[in-house]
Structures are given as C-alpha cells and as structure tokens.
Amino acid sequence: MKNSKASIILHISVFLIFFGRAWQHLFWDAPYRSFFWDEALLQPVVEGIFNISWKDYVTSSTTDDAIQTIIRANGFLYLIAAICALYIKKLNTKWIRLPLWLGGISLVILTVLLTKEKFYHVAQFFEHSIQFGLPFVLLYSYKNNNEEKLILILKVLVAVTFFSHGLYAFGFYPVPGKFVDMVIQIFGFKESTAIIFLYIAGILDFILAVLIFVPRITVYALWYAVIWGLLTAFARIVANFYVDFPLNSIHQNLYETLYRIPHGLAPFVLLILLEKVPLKIFNFKSVRVD
C-alpha cells in the first residue's frame, strides 16, 4: 500500500481484531461446542467410526477438555497473529505472513460457527465481514499497490457489514435482546423506545450501504460509518460497566469492543485513501512501513 498512514491504521485494525479474539479464546469461551456437540452431524461418526455411544461422548470430560484445548490453541494463534500484524517492517517475510493467513482462515471458521449458533442466518455471517476480511486485505495490500481495487474491496466489506448489522436492528431477523439491553442501559429508554431507536439505526445502515458507492456522498457516508462503528463498539463496554466491579466489567466485555473497533477504523482507512482526512493531525514519522 502506497499510503503509509492508511497502512498503519489497517495494521492497527487487524491487531485489534486478533487481540480481541485472542482475549476471548484464552479467558472466556467460543462456539466450538456448537459443532462438536451437534448430534445430527457427528453421531454417525462418533458411534460408527469410534464405537462410542453419543451419550458417553457428550458427557465425557475428555471430550470437553479436547474442545477447550482447541479453543485455547486458537487463542494463541490469534495472539501470535496480532503480534505479527504490528510487525510492520518484516511483514513481507513468509514466517510473518503465515500466522496472518492461518488466523484469517480461523476467523472465517469462527464466523461459520457463530452463524450456526444463530440458526444459519446469512446476516450473522456477513455482519463479521470486516473482522474476517481485514487480515486478508492487509496481506493483499502488500502484494498489490492498486489502491483503486483496495478501495473497492474495503467499500464492499464496510457496506456488507453495516447492511447485515442493520437487518438485525431493523427487525428483519429477531432483534437481539443484547441490542435492546444496551440501548436501555446507555440511554435509559423504555423497551419500546429502544426498539424504535434500533429500527431507525437499521434503516440508516441500509442507506449507508448504498451511499458509500455514490461518489459525491461517499465521504459523508464514510464519516457516519466511522462514528457509528466506533460508538457501537464502545457501547459493549459502556452498557456493561459496573462501578462496583470495574475490573471484572472490563475483563468480561472489553474484548468485544476491541474486535469491533475496526468497524469504525475500516471506513476511516477509506477516508485516508480517498484523501478526505487532514493527515497533518497525525504524527507517524517514527513508524516506517516497508
């Protein structure tokens, strides 16, 4: 990528995605059991090949330990990928690129598992487009200096992410209770008012997904995406912060904020590439991107 400022923000975004997921996998949980405990899918394998009854399999502590090991292993992979994402000067070496590739593939698998948990709602998968897409964008940017293609790819990722998020807020799919609870906690709205607020936010997400491709309005749509993307990211920690348990509140919720911050940073990268940001406010002289 020719634009070093945009490249640095892109590196930071990928770092936050991987670091947030590493935090989740190393300290909390991830939806791998939705696959390994899927009776319809795995019972023939467990009973037919391994000759173990399904009940023994799902109640075995060995099975649970194995799943937990897989979760932790992915956590370490994400942590390594996060470190590699910040190692700007050496990114063009193979041993730095490999964790990013593996981490990106793992994010796609994780998104499939999250979608499985949500009854295979298509929007659930594409809502994570920025998160699983940016690592590959970063790798692509070091092989191809065609910024027009890069801008198009980023626009598609941003538009698809916000449109898919809007489908939930709008109510096309059942509105997640978590969305409603966050609005109530932050603004003090009644439940009915919170649902109306989310309905309007969903419509704005749809409009954004279209306007981002309209040349004369792209800048305004992207600035809205930056602001809304960052607000929805930090809403996770604000809505669930309790003064009586500050450290526990942060530990339990900050990782969700970290991997969602790129929802605001990705459109900001686009603004930089489109030269719509006063770059004099940045001071990246000490960082070199090769």
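Data block above holds the structure.
This section reports on the structure supplied with the text. This is a predicted model, so every value here is computed, not measured. (Residues numbered from 1 in each chain as written. Predicted model: local features only at pLDDT ≥ 70, side-chain atom pairs only at ≥ 80, totals over all residues. Heavy atoms only, no water.)

This next bit is on the nonpolar core. A general feature of soluble globular proteins is that nonpolar side chains tend to end up buried together. Membership of the largest hydrophobic core comes to 62 residues, with the highest contact counts inside it found for Leu100 and Leu134. At nine residues, helix α1 (residues 4-27) tops the list of elements feeding residues into this core. When residues no more than four places from it in sequence are discounted, the contact partners of Leu134 are Leu10, Ser13, Val14, Ile17, Ser129, Leu154, Leu157, Pro262 and Ala266. Listed in part, the 14 residues of the second largest apolar core include Ala169, Phe179, Val183 and Ala235. (Core = buried A, V, L, I, M, F, W, Y, C linked by side-chain atoms within 4.5 Å. Buried < 20%, exposed > 50% of the residue type's maximum accessible area, 1.4 Å probe, protein only. Helix = DSSP H or I, 4+ residues; strand = E, 2+ residues; numbered from the N terminus. Contact = heavy atoms within 4.5 Å.)

A few words on the pattern of salt bridges. Here the structure, examined in full by the defined rule, presents five salt bridges. Asp29 is paired through a salt bridge with Arg33; the nearest N and O atoms lie 3.1 Å apart. Ionic pairing is found between Asp64 and Arg33, a salt bridge with its closest N-O pair at 3.0 Å. Of this pair, Asp64 sits in helix α5 (residues 61-86) while Arg33 sits in helix α2 (residues 33-36), and the two are 31 residues apart along the sequence. We classify Arg33 as buried; its relative accessible area is 17%. (Salt bridge = Lys/Arg side-chain N within 4 Å of Asp/Glu carboxyl O.)

Right, let's talk about the layout of surface pockets for a bit. Here the idea is plain: a probe the size of a water molecule rolls over the atoms and shows the empty space left. Quantified by volume, the largest pocket comes out at close to 740 Å³. If you go around the largest pocket, you meet 36 residues; those closest to its centre are Lys118, Gln124, His128, Lys178 and Arg260. Going through the elements one at a time, α1, α2, α6 (94-117), α9 (147-170), α10 (177-187), α12 (218-239) and α13 (246-260) are the ones with two or more residues in the lining of the largest pocket. Classifying every residue of the lining of the largest pocket gives 13 nonpolar, twelve polar and eleven charged. (1 Å grid on protein atoms, 1.4 Å probe; cavity = no way out; pocket = protein on both sides within 12 Å on 5 of 7 lines; lining within 4 Å. Points joined across faces, edges and corners; volume = space filled by probe spheres on them. Nonpolar A, V, L, I, M, F, W, Y, C, P; charged D, E, K, R; others polar.)

Interpretation in functional terms is not warranted from these geometric data alone.
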